[in-house]
Amino acid sequence: MSASTNQNLRLHSGFFHPTLRKWQSRLTSPSLDSLIYPLFVTDSDTPLVEQIESLPGQKRYSVDVLVDLLRPLVEKGLKSVILFGVINRLTKTADALSADSDENPVVKVIPILRKSFPDLLICCDLCLCAYTSHGHCGIFSEDPNSNESYIDNQKSIDRITEVALKYAQSGAHVVAPSDMMDGRVGAIKQKLIVNGLGSRVAVMAYSAKFASSFYGPFRDAAKSAPSFGDRSTYQLPCTSAGLAMRALKRDVDEGADVIMIKPGMPYLDIVRSARDRFPDMPVAVYQVSGEYAMLMHAVNKGTFDLEKAVMESLIAFHRAGADIVISYFVPFLLDKL
Ligand code: PB1
């Protein structure tokens, strides 16, 4: 592979933006620079702000209301968002055709946010599950020997790289593959490089992502639950630290700019191991929907104080070695940090 396309030699993609430069310095305590706010953007063609029952306080937003929602948060110091598309009008197909259509809400909102908030770091979750008719994160093929369908890894990463390019060409600073297909990080880096974006778009890899029971509220929010089976053949078994470390190393070797562990609290040991094994890499952790809902329901029952509990969870992530925290608590934290 020539130097011009060797994704491991591409470092600019990890620090071309001011917030990315902050991520490259060890962020050892909660700070505005370390936080990414997850947002659900819908394909509604009328203004929509829709409560998400399973995530108290979180909402789905239509493209045309997001700027007004974000302006006060950006004024309070919001540095980064990660976008999740949710479709109702657009069609879900076996090969996730709506994932990178011009009508996709993420594709539509990226340039609007770039124009409205020039300094905001725009990350896009990269997966097919919100756009596939079956709700899985990849594309299926039929096994001729057993007539069973299986996740076709190569077809899946070919499709994921197409979607990555579309988001990058739409203006995303960071693409974050959460699909867990083998080799997708290297494939995405290559796709970006050969299309002239290899130094201008970062890849934040969901590297150690477990087949967790803590994603339930998100799947309700994004309408992305698998219609059959589960994700245990491509998300890591919660029993295996060894697989997690191998997945993290693989993504580092394939040129990831940021590595992520997900969920957060139940996997702090993996965060610590990642920090110790990859001292030169920015490490992210995702405080997932189930962790958020658990804390919110407990607080609403009077179990403990919201600010103390949230700050203690953030401190735990940084103590374990995370630099970056994706959290639904970000709006609340902007008033506290
Ligand atoms: O907050 C959360 O629970 C995040 C869920 C996560 C988003 N990247 C996924 C979990 C899942 O449904 O398996 C979506 C997978 N692409």
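Preceding this section is the structure that the text describes.
These lines cover the structure that appears in this document, whether it is placed above or below. Just so you know, these numbers come straight off a predicted model, no measurement behind them. (Residues numbered from 1 in each chain as written. Predicted model: local features only at pLDDT ≥ 70, side-chain atom pairs only at ≥ 80, totals over all residues. Heavy atoms only, no water.)

## A few points about the pairing of strand S5 (residues 121-126)
Of all 6 residues that make up S5, 6 are buried, and the element is covered over most of its length. Of the two faces of S5, the one holding Leu-121, Cys-123 and Asp-125 and the one holding Ile-122, Cys-124 and Leu-126 are both buried throughout. Pairing analysis gives 4 bridges linking strand S4 (residues 80-86) to S5, with the strands arranged parallel. Along S5, the bridge assignment pairs Val-81 with Ile-122. What joins S4 to S5 is helix H3 (residues 105-116), and the crossover it makes is right-handed. Sheet analysis places S5 next to strand S8 (residues 174-177), joined by 4 bridges and oriented parallel. Following the sheet pairing, Cys-123 is matched in S8 by Val-174. (Buried < 20%, exposed > 50% of the residue type's maximum accessible area, 1.4 Å probe, protein only. Helix = DSSP H or I, 4+ residues; strand = E, 2+ residues; numbered from the N terminus. Pairing = 2+ DSSP bridges. Right-handed = clockwise from strand over helix to strand, strands pointing away.)

## Some thoughts on helix H2 (residues 66-75)
Leu-66, Val-67, Leu-70 and Leu-73 are the residues of H2 that are buried. Across the axial projection of H2, the buried residues extend over an arc of 125°, all falling on one side. More than 90 degrees from the buried face of H2, the exposed residues found are Asp-68 and Glu-75. Tucked into the core, H2 has its buried residues touching strand S1 (35-42), strand S3 (59-62), S4, H3 and helix H11 (330-334). Gly-77 lies just past H2 and shows a positive phi near 115°. (Arc of directions from axis to C-beta. Contact = heavy atoms within 4.5 Å.)

## What about the state of the cysteines?
Enumeration according to the criterion identifies 0 disulfides in this entry. Residue Cys-127 stays outside any disulfide, its sulfur separated by 3.5 Å from that of Cys-137, the closest cysteine. With relative accessibility at 6%, the residue Cys-127 sits in the buried group. (Disulfide = S-S within 2.5 Å.)

## Let's talk about the packing of H2 against H3
When two helices pack together, their arrangement is given by the angle between the helix axes and by the axis-to-axis distance. At a minimum axis separation of 11 Å, H2 and H3 run at an interaxial angle of 40°. Here H2 lies oblique to H3, going by the angle between them. Along this stretch, H2 crosses H3, giving a crossing that reads as right-handed. On the side of H2, the interface is formed by Leu-66, Val-67, Leu-70 and Arg-71, while H3 contributes Val-109, Ile-112, Leu-113 and Ser-116. Residues of the contact of H2 with H3, tallied by class, amount to 6 nonpolar, 1 polar and 1 charged. (Axes fitted to C-alpha atoms, helices over the stretch in contact; angles between N-to-C directions. Parallel < 35°, antiparallel > 145°, perpendicular 65-115°, else oblique. Left-handed = near helix turned anticlockwise from the far one by under 90°. Nonpolar A, V, L, I, M, F, W, Y, C, P; charged D, E, K, R; others polar.)

## Focus on the site of the ligand
Close to the ligand lie 19 residues, the nearest being Arg-219, Arg-231, Lys-262, Ser-289 and Tyr-328. One of the side-chain nitrogen or oxygen atoms of Asp-125 is found 3.3 Å away from a nitrogen atom of the ligand. A distance of 2.5 Å separates an oxygen atom of the ligand from a polar atom in the side chain of Tyr-328. Against a free-state accessible area of 420 Å², the protein chains account for coverage of 100% of the ligand. Mapped by element, the contributors of at least two residues to the shell around the ligand are strand S9 (202-209) and helix H6 (216-221). (Near = heavy atom within 4 Å. Polar contact = N/O pair within 3.5 Å; in protein donor to acceptor, adjacent residues only side chain to side chain. Areas by Shrake-Rupley, 256 points an atom, 1.4 Å probe, with all protein chains shown as cover.)

## Observations concerning unusual backbone geometry
Glycine aside, a negative phi is what most residues show, and trans is what most peptide bonds show. Between Lys-262 and the following residue, Pro-263, the backbone shows a cis peptide bond with an omega angle of 0°. Position of Pro-263 among the secondary structure elements: in the loop between strand S10 (258-262) and helix H8 (268-277). Despite not being glycine, Asn-147 shows a phi value in the positive range, around 60°. Locating Asn-147 in the fold gives a position in the loop between strand S6 (140-142) and strand S7 (149-151). On the basis of relative accessibility, which here comes to 66%, the residue Asn-147 falls in the exposed class. Look at Met-180: it is not a glycine, yet its phi comes out positive at around 70°. With respect to the secondary-structure elements, Met-180 resides in the loop between S8 and helix H5 (184-194).

## Digging into the side chain of Ser-80
Among the structural elements, Ser-80 can be located in strand S4. Ignoring sequence-local partners within four residues, the contact set of Ser-80 consists of Trp-23, Leu-35, Ile-36, Tyr-37, Leu-120, Leu-121 and Cys-123.

Without other data, these values stay purely geometric and don't point to any function.
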